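Topology and contacts: notes
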Amino acid sequence: MLEARDITVRYGSRTVLDRVSLTVEPGAVLGLGGPSGCGKSTLARVMAMMLRPRSGSVAVDGRPVSRWRQRAPRELRTRVALIYQQPRLAVDPRLTLREIVAEPLAAAGTAAAGTAAAGTGTAGTGTAGTGTAGTGTAGTGTAGTADAERVAALAAEVGLTGDLLTRRPHEVSDGQLQRACVARALILSPGYLICDEMTTMLDASTQAHLVRVVNAYRERTGAGVLAISHDAVLLGRWADGVAELGQGGKAAVSV
Ligand SMILES: Nc1ncnc2c1ncn2[C@@H]1O[C@H](COP(=O)(O)OP(=O)(O)OP(=O)(O)O)[C@@H](O)[C@H]1O
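Just so we're clear, the structure is a prediction, and the values are computed from it rather than from any experiment.

1. Quick word on the overall build of the protein
Counting secondary structure elements, the protein contains nine helices and nine strands. Across the 255 residues of the protein, 49% fall into the buried class. Of all intrachain contacts in the protein linking residues separated by at least 6 positions in sequence, the fraction that spans at least 24 positions is 69%. For the protein, the exposed surface amounts to about 11400 Å²; the carbon and sulfur share of it is 51%.

Next up, the structure:
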């Protein structure tokens, strides 16, 4: 479970979240709605360990989070992936889409490399059902090959062609960039995905495609999903239950 308990956040003297609790179960989609400005994105950032709350606690699979942002232990940080509403604010404009998708592999150092080099035989674990990388025998697999295969499999799943992967953010549409951000979020096989208005700016077909990708990932891996959206129809279709955050973040959240 990804659990937030009694979270309080203040910006200056203003209380944005006031003792809010929320639990995301493995394998389930929890919807989170509420009026603009009520603190949904703030709660998302707290649960992704990117913002330290003034009080309250977050636990990932029973492990309490005691350090935040880059100081949070890598194995906790990589358990939770956050997908933002505005992909252009979430990427380095100098990188190609391929580099954007692969970014967490580099940031995670040798996590993927360790798997391949150890010859565990499943360098492609959890990504797009590619199964074994075919290079898993000790000594023959390289992190580079395994990583490239993971990037290629996820790019195909989100609908990015090879040509698009060579472009930089200013050369692609918002929808294409968000596809890269979804692939990036999945590349380290997180146990929990927080989709913060992931499809709000996108056309209906891209929205439907990305929701299908997240659902397929959840079904394949048993990941839990927190789907934040203004769109009650979308949440009604997508989520197993929907929580509402009240204005000022004061209402207790329950499903
Ligand atoms: N870094 C910040 N400093 C000061 N105030 C902030 C900061 N980030 C957010 N806020 C304010 O906190 C409140 C909650 O913001 P948040 O983005 O969490 O709301 P939200 O429910 O996600 O809104 P929306 O649905 O419009 O995206 C808003 O009034 C916002 O202006």
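2. Considerations on the site of the ligand
Surveying the vicinity of the ligand reveals the residues Tyr11, Arg14, Val16, Pro35, Ser36, Gly37, Cys38, Gly39, Lys40, Ser41, Thr42 and His230. In the environment of the ligand, an oxygen atom lies 2.6 Å from a nitrogen or oxygen atom belonging to the side chain of Ser36. Between Gly37 and the ligand, the recorded distance is 2.9 Å, taken from a backbone N or O atom to an oxygen atom. Of all the elements in the fold, those that place two or more residues in the shell around the ligand are strand 2 (14-24) and helix 1 (40-47). Looking at which element gives the most residues to the shell around the ligand, the answer is helix 1, with three residues. Residue composition of the shell around the ligand, by class: four nonpolar, six polar and two charged.

Quick notes on the rules
- Within every chain, residues take consecutive numbers counted from 1 along the sequence as written.
- Per-residue local features are limited, in this predicted model, to residues with pLDDT of at least 70; the limit for side-chain atom pairs, both in listing and counting, is 80 or more; totals at the level of whole chains, interfaces and linings are taken over all residues.
- In computing side-chain values, all of the structure's heavy atoms are included and hydrogens and water are not.
- We count a stretch as a helix when DSSP gives it H or I for four or more residues in a row; a strand needs E for two or more, and each element gets its number in order from the N terminus.
- Burial classification: accessible surface area is computed with a 1.4 Å probe over protein chains only, and a residue below 20% of its type maximum counts as buried, one above 50% as exposed, and the rest as partly exposed.
- In this analysis, two residues are considered to be in contact whenever any of their non-hydrogen atoms come within 4.5 Å of each other.
- Note on areas: Shrake-Rupley, 1.4 Å probe, and residue coverage restricted to the protein chains presented here.
- Throughout this document, a residue counts as near a molecule or strand when at least one of its heavy atoms sits within 4 Å of that molecule or strand.
- Polar contacts here mean pairs of N or O atoms no more than 3.5 Å apart (in protein, one a potential hydrogen donor and the other a potential acceptor; neighbouring residues in sequence count only if both atoms are side-chain atoms).
- We call Asp, Glu, Lys and Arg charged. Ala, Val, Leu, Ile, Met, Phe, Trp, Tyr, Cys and Pro are nonpolar, and the rest, Gly among them, are polar.

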